[in-house]
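# Observations on chain architecture
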Amino acid sequence: MILHIVKHPFHHEMANLCRAFCPKASLRVLHKSTSTHGRLRVISPSLAVITRIDAQITVQLRKGRRCFTLTRPLGQNNELVMAKMLFTLLRRATGYTPPWGLLTGMRPSKLMLRLRRDEGAIAAQQHFRNEFWVSDEKTQLASTIAKAEEPIIALTRPRSFSLYISIPFCPSRCSYCSFVSQSIDRASAQKLIPSYIDALCKEIAFTGEIARNLGLKLASVYIGGGTPTSLTSQQLYRLCETLHANFNITGEFTVEAGRVDTITSEKLRVLREHGVNRISVNPQSMHDYVLQLAGRQHSAQDVLEAYDLVRAHDFACVNMDLIAGLPGDKPEGFTQSLEQVIALKPENITVHVIAIKRAAQLEQLPTSDFLYNMPPEYAPYYMYRQSRSLGNLENIGWTLPGHGCRYNVDMMEESHTILACGAGAVTKLKHPNSDDLERVFGLKYPYEYLRRFDELMQRKARVTEFYGALLKEES
């Protein structure tokens, strides 16, 4: 598929709409400063689209020998008008209507939250349906989740923040993974880890000093990755000791132990002794052949044994992840996995939908429809969407009453500041009186993190500058 962008800045939204209609197609985006009346030459049966702004808005689509053109006058919201025009033509050409309508971003519930705040619950749903062409089902889902998030977000105070710690190491790389992580089965990664922990502990101490000087109040801690339990028990002990030495951790404390082949009794004991009260045990599937195809080095039985071990260490909340649409899986197989996980009664179940990114090793998306139903005791409490996801679906966190993860909500809805430490981590500075957000990017890869560590510390000085500016505003 070819998308021409001519004299307008809305390439991101137009490209995402094209991917929503044609997730398996290879999309080529061409930027042009001029156009000869938008003529398209394309070899059948490819799709080609031109989006252009000059004296008016023009969207033209060609499929084989057929050509469709829409024009509209310029107005106040040209991006939305162009999106509606492109949506109309793509729906006509493909016969498909994406259930999320014009919404292509990863945070539809954040938009619903804002509309509920500004316009009220009923008007917010009408806005989704009438302005963004979202289906009734997805509108209701976004509204339900936004309503569940509101009391969690209400806990936010002007100086509250969450702390994210990145451990970008895994026992091996899963075939669907696009995260920045190093497989510890490689000797080079093994050599990196001690130096990485040294640097990470320095960054944690530096960040803690900044937070204390600014009077920031810690709401939650989340150690993610990668797989944090890829570290040894001694390394986990040092990490947790450093966190407690530099932050007052009294509330929600989450650690991802997603790969069950990294879970040991000794590591769990270290985590519990340091106040970790939430932990993830992520099977992704409960079928051995699907796990093997995904590159996971454990069996379904290993999942059950790891879950029992975690329960024996008395964590207050256990989350389990599943992925719909893994290669080799089928809708009935996914349903069986989900039923097995539900029978274990973890406090949280997160259902992800496979999404293929450039960094993942999988070559194509399955075509099966992996829809599912949850029992009434589990309620959806947060969600997000990814580009190129199976069936244009969403990832949803489900919870038993009273067990929603505050960090997940604050992170996904960007409701307060996230201070982040480690390779690939991004600090997000949230203005307490507006929706304004500023990102302070870290360094992506562990070896880069180590080599340019001093530069990273200089970047982090922006946190002090940001809150210093707020103090001036308040005075």
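Residues numbered from 1 in each chain as written. Predicted model: local features only at pLDDT ≥ 70, side-chain atom pairs only at ≥ 80, totals over all residues. Heavy atoms only, no water.

This part takes up the pattern of salt bridges. For the structure on display, the rule yields 21 salt bridges. Notably, a salt bridge pairs arginine 52 with aspartate 54, separated by 2.8 Å at the nearest N-O pair. Residue classification places arginine 52 among the buried positions, given a relative accessible area of 11%. Of the charged contacts in the structure, one is a salt bridge between glutamate 131 and lysine 84, with a shortest N-O distance of 3.6 Å. You can see glutamate 131 sitting in helix H4 (residues 121-132) and its partner lysine 84 sitting in helix H2 (residues 78-94), a full 47 residues away along the chain. Exposure remark for glutamate 131: the relative accessible area of 29% places this residue in the partly exposed category. Since its relative accessible area comes to 19%, lysine 84 is described here as buried. Residues joined by salt bridges that share partners form a network here, namely Arg107, Lys110, Glu414, Lys428 and Arg439. (Salt bridge = Lys/Arg side-chain N within 4 Å of Asp/Glu carboxyl O. Buried < 20%, exposed > 50% of the residue type's maximum accessible area, 1.4 Å probe, protein only. Helix = DSSP H or I, 4+ residues; strand = E, 2+ residues; numbered from the N terminus.)

Before going further, it helps to examine the layout of surface pockets. Put simply, the second largest pocket is a space of about 630 Å³. In terms of lining, the second largest pocket is formed by 25 residues, of which the most central are Arg117, Glu413, Glu414, Lys430 and Asp435. When contributions to the lining of the second largest pocket are tallied by element, the ones reaching two or more residues are helix H3 (108-119) and helix H5 (136-153). Counting residues per element, the lining of the second largest pocket draws most heavily on H3, which supplies 5 residues. Residues of the lining of the second largest pocket, tallied by class, amount to 7 nonpolar, 8 polar and 10 charged. (1 Å grid on protein atoms, 1.4 Å probe; cavity = no way out; pocket = protein on both sides within 12 Å on 5 of 7 lines; lining within 4 Å. Points joined across faces, edges and corners; volume = space filled by probe spheres on them. Nonpolar A, V, L, I, M, F, W, Y, C, P; charged D, E, K, R; others polar.)

Quick look at the state of the cysteines now. Taken as a whole and assessed by the stated rule, the structure comprises 0 disulfides. Among the cysteines around cysteine 201, which has no disulfide bond, cysteine 240 carries the closest sulfur, lying 9.9 Å off. The class of cysteine 201 is buried, set by a relative accessible area of 7%. (Disulfide = S-S within 2.5 Å.)

Here the focus is the confidence of the model for the protein chain. Looking at the protein chain, pLDDT values average 90 and 91% of them are 70 or higher. When the criterion is pLDDT under 50, residues 358-368 qualifies, and its contacts beyond four places in sequence or with other chains add up to 26 contacts. (pLDDT = per-residue confidence, 0-100. Contact = heavy atoms within 4.5 Å.)

Moving on, we get to a negative patch on the surface. Residues Asp288, Asp302, Glu305 and Asp308 make up a contiguous surface patch of negative charge. Ranked by residues supplied to the negative patch, first place goes to helix H10 (residues 300-312) with 3 residues. Of note, aspartate 308 is situated in helix H10. (Patch = residues over 30% accessible without salt bridge, like charges linked within 9 Å, V, L, I, M, F, W, Y side chains within 5 Å. Areas by Shrake-Rupley, 256 points an atom, 1.4 Å probe, with all protein chains shown as cover. Lys, Arg positive; Asp, Glu negative; His and termini not counted. Charge placed at Lys NZ, Arg CZ, Asp CG, Glu CD.)

Once that is clear, we can look at the environment of methionine 106. As for its position among the elements, methionine 106 is in the loop between H2 and H3. Overall, methionine 106 belongs to the partly exposed group, its relative accessible area being 36%. Taking the C-alpha atoms as reference, methionine 106 lies 31 Å from aspartate 288; in sequence the two are 182 residues apart. In contact with methionine 106, other than residues within four places in its own chain, are Met383, Tyr384, Arg385 and Met412.

Applying the stated criterion across every chain, the model contains 2 cavities of 30 Å³ or more. Around the largest cavity sit Glu203, Ala420, Gly422, Ala425, Thr427, Val440, Phe441, Gly442, Leu456, Arg459 and Lys460, which together line it. When residues of the lining of the largest cavity are traced back to their parent elements, those giving at least two are strand E18 (437-441) and helix H14 (453-474). Here the second largest cavity defines a volume of roughly 40 Å³. Lining of the second largest cavity is provided by Met1, Cys18, Arg19, Cys22, Pro23, Ala25 and Leu27. Here the lining of the second largest cavity is composed, by residue class, of 6 nonpolar, no polar and 1 charged.

This part takes up the environment of tyrosine 289. Among the structural elements, tyrosine 289 can be located in helix H9 (residues 288-293). The spacing of tyrosine 289 and glycine 258 is 31 residues in sequence and 19 Å in space, taken between C-alpha atoms.

In a regular helix each residue adds 1.5 Å, so 17 residues correspond to 24 Å; H2 covers 24 Å between its end C-alpha atoms and thus fits that length. Tucked into the core, H2 has its buried residues touching helix H1 (11-21), strand E3 (47-53), strand E4 (57-63), strand E5 (66-72) and H4. Positive phi shows up at glycine 95, right after H2, with a value of about 75°. (Expected span 1.5 Å × (residues − 1).)

Bringing the packing of H5 against helix H12 (residues 406-413) into the picture now. H12 packs onto H5 with a crossing angle of 105° between their chain directions and a minimal axis gap of 10 Å. On the basis of the axis angle, H5 is roughly perpendicular to H12. Within the contact between the two elements, H5 uses Glu149, Ile152 and Ile153 and H12 uses Arg406, Val409 and Glu413. (Axes fitted to C-alpha atoms, helices over the stretch in contact; angles between N-to-C directions. Parallel < 35°, antiparallel > 145°, perpendicular 65-115°, else oblique.)

This next bit is on H1. Of all 11 residues that make up H1, 9 are buried, and the element is covered over most of its length. Residues of H1 that are buried include every one of Glu13, Met14, Ala15, Asn16, Leu17, Cys18, Arg19, Ala20 and Phe21, and no others. In this structure, the buried residues of H1 make contact with strand E1 (2-6), strand E2 (28-32), E3 and H2.

What follows is about the pairing of E18. Two elements, strand E17 (residues 426-430) and E18, share 5 bridges in a ladder whose sense is antiparallel. Paired with valine 426 across the strands is phenylalanine 441, a residue of E18. In this antiparallel pair of consecutive strands, E17 and E18, the connection spans 6 residues. (Pairing = 2+ DSSP bridges.)

Attention now goes to unusual backbone geometry. Residue glycine 226 follows glycine 225 across a cis peptide bond; omega there is 15°. Despite not being glycine, lysine 345 has its phi angle at roughly 60°, a positive value. Here lysine 345 is to be found in the loop between helix H11 (331-344) and strand E13 (348-353). The class of lysine 345 is exposed, set by a relative accessible area of 59%. Phi is positive for glutamate 414, close to 50°, though the residue is something other than glycine. Following the sequence through the fold, glutamate 414 ends up in the loop between H12 and strand E16 (417-421). The buried category is assigned to glutamate 414, whose relative accessible area is 7%.

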